Amino acid sequence: MNFEYHNPTHLIFGAGTLSQLGEVASRQGKKALIVTGGGSVKRSGTFERAVASLKAKGITFAECSGVEPNPRIATVRRGARIAREEGCDVVIALGGGSTMDAAKVMAAAFYYDGDPWDMIYHGQPAPHVPTRALPIITVPTLAATGSEMNMGAVISNEEITEKSFVQAECLYPAVALVDPELTLSVPKDQTAYGVCDIITHVTEAYFNGVDGTPIQDRFAEGVILTMLEWGAKAVADGEDLEARAQVQWASIVALNGWVNAGTNGGFPVHMIEHTLSAFHDITHGAGLSVVNPAWMRFAANHRPQKFVQFSERIFGLKAKGSDDLDCALQGIDRFEAFLKEIGCPTRLTDLKIDDTLLTRYAQETLRIIHDEKGNLPGRPPMSEADIVAVLRVAL
C-alpha cells in the first residue's frame, strides 16, 4: 500500500452538542449562511434551537432554505448569491447529506466568478477544482452520506439530467457538530436508506480496492456488522438514541477517509446510481439498495474470493474453498434479504423504473466517468454491456 491520509475536520460528537453551535461558529465568522432542506428542521424545532445558540454568541445569519433531496445546481447558485449579498463569512449546513453537499459547493462558489457547475465533474476535459471556500460547519440531521466529515459533494443539474461529484481540499468542513438526538425524528424509510448508504460506502472500496489491505477489510466489516445490528435497531425503534448514535458514528467513519485509506477503490455502484437518480430523482440510498446487490452478483462471478470472505465474516457461512461461488452468492442473498427486511427496495420496479432506458443509463454513466479503455472503473471494469446486464438483474 502507498497512500496519504489527511482529514482536518474538527469533530464534536454527542447527544446535546447542538447547544455548542454558537460557540463553534463564533470561532469561524460573524455572519452565517444557514443552509436547510425541505423544512423538517423547522418542524422539529432544530432550526429554532440552532438560531438561539447563534444569537447567544452574537452571530447573525441569512438563510438558504429548500435544498432538494438530490441538490440542484440552481439551488447552489442561489445560496452562493445570498451569501455574497448578505456578507456571510461562514456557512452552516443544517440537514442531511444533500444539504451538506449543497452548502459545501455554495461555500466554494462564494469565491468563484464562473458557474459552480464547472466544479462538478461531468465528463468535461478541465473541471474547475476549487481551492478556496468559506469555512463550513456541518450539523447533520440524518445518518447516511458521511458528508459531514469529508471533502466531497454530489450535485444534480436538472436542466441536462446529470448528477455527479466534486472533491477538493477546501470542501472539508472546519467543524462537524454531530448530535445524534437530531436524527430521532427521521422516518423509518429514510433511516433504512441511510443504513444502506453507509454500508455501500464501505463495500465499494472493500470489493473494488487493491489487494493486501487486511486492516481496512476489518474496518469495513466492522462498519457492516454494526449496521446489521444497530441499523436494524434504529429502523425498528426510531427513538432508540443509542442505536441512532451508533449509526451516526458509522456514517462518519464509513466515508471520512479512514476505512478506505490505501484501498484506492472505484465506486461503480455509486456512479450507476447517480445516473438513475439524475433521471428519476429517487432517494440515493434507495437506488443503492437496488444496484448494489445486483452489482455484487456480477462482480462475484469475476472475483469470488473477496465475496467468499464477505459471506464468511459477515454472515457466518462456511465455504468449501476461497473460490466457492455458491457461498459468495449465498452471502449476497443474505445481504439483499437484510435490505428488504429493513424496508429498502431491491428491484428497479420497486422504484417504478422499467427497462426502457437501460442502455441510456449505461451510456450516461460512462460519459461522465471512464478509464482509458472507456470502461467504468472497478473490479472488474465495466463495459456498457456489463452495466446494462447489472441493471437487467436489478429489474
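For the structure itself, look to the data block above.
Every value quoted in this text rests on a predicted model; they were computed, and no experiment measured them.

### Re the overall build of the chain
And step 1. For the chain, the count of helices and strands is 14 helices and eight strands.
And step 2. What you see for the chain is a C-alpha radius of gyration of 20 Å, in line with the 21 Å of a compact globule of 395 residues.
And step 3. With respect to the three principal axes, the spread of C-alpha positions in the chain is 65 × 45 × 45 Å.
And step 4. A buried classification covers 60% of the 395 residues belonging to the chain.
And step 5. Summing over all exposed atoms, the chain offers an accessible surface of approximately 15,600 Å²; the carbon and sulfur share of this is 50%.
And step 6. Each charge sign in the chain was given a centre, from 35 positive and 47 negative side chains, and these centres are 2 Å apart.

### Considering empty space enclosed by the protein
And step 1. Applying the stated rule across the entire model yields three cavities of 30 Å³ or more.
And step 2. Counted as a void, the largest cavity has a volume near 60 Å³.
And step 3. As for the largest cavity, its lining consists of Leu142, Ala143, Thr183, Val186, Thr191, Ala234, Arg244 and Val247.
And step 4. Taken together, the residues of the lining of the largest cavity break down into five nonpolar, two polar and one charged.
And step 5. In this structure, the second largest cavity is lined by Thr161, Glu162, Lys163, His274, Thr275, Ala278, Phe279, Glu364 and Ile368.
And step 6. Where the lining of the second largest cavity is concerned, the elements lending two or more residues are β7 (162–167), α9 (268–280) and α13 (358–368).

### Section: helix α14 (residues 384–394)
And step 1. Among the residues making up α14, those that are buried are Ile387, Val388, Val390, Leu391 and Ala394. In an axial view of α14, the angular spread of the buried residues amounts to 160°, which keeps them on one side of the axis.
And step 2. Residues of α14 that are buried make contact with α9, α10 (284–302) and α13.

Here is what the cut-offs are and how they apply
- The written sequence of each chain sets the order in which its residues are numbered from 1.
- Only residues with pLDDT of 70 or above have their local features reported here, since the model is predicted, and side-chain atom pairs are shown and tallied only from 80 upward, although totals for entire chains, interfaces and linings are computed over all residues.
- Excluded from the side-chain calculations are hydrogens and water; all other atoms, namely the structure's heavy atoms, are used.
- Here a strand is any run of E in DSSP of at least two residues, a helix any run of H or I of at least four, and the numbering for each starts at the N terminus.
- Using C-alpha atoms as the atom set, the radius of gyration is obtained and then compared with a globule rule of 2.2 Å times the number of residues to the power 0.38.
- We call a residue buried when its accessible area falls under 20% of the maximum for its residue type, exposed when it is over 50%, and partly exposed in between, using a 1.4 Å probe and counting protein chains only.
- Only the protein chains shown count as cover for residues, and all accessible areas are computed by the Shrake-Rupley method using a 1.4 Å probe.
- Only four residue types enter the tally: Lys and Arg on the positive side, Asp and Glu on the negative side; His and the chain ends are excluded.
- Where a charge lies is defined by one atom per residue type, namely NZ (Lys), CZ (Arg), CG (Asp) and CD (Glu).
- The method works on a 1 Å grid over the protein atoms by themselves. A cavity is a set of points holding a 1.4 Å probe that cannot get out, a pocket is an open set with protein on both sides within 12 Å along at least five of seven lines, and residues with an atom within 4 Å of a point line them.
- Grid points are joined across faces, edges and corners, and a volume is the space filled by probe spheres set on the points.
- Each residue receives one of three labels: charged for Asp, Glu, Lys and Arg, nonpolar for Ala, Val, Leu, Ile, Met, Phe, Trp, Tyr, Cys and Pro, and polar for the others, Gly being one of them.
- By definition, the arc is the one covered by directions from the helix axis to the C-beta atoms.
- Residue contacts are counted whenever heavy atoms from the two residues lie within 4.5 Å of one another.

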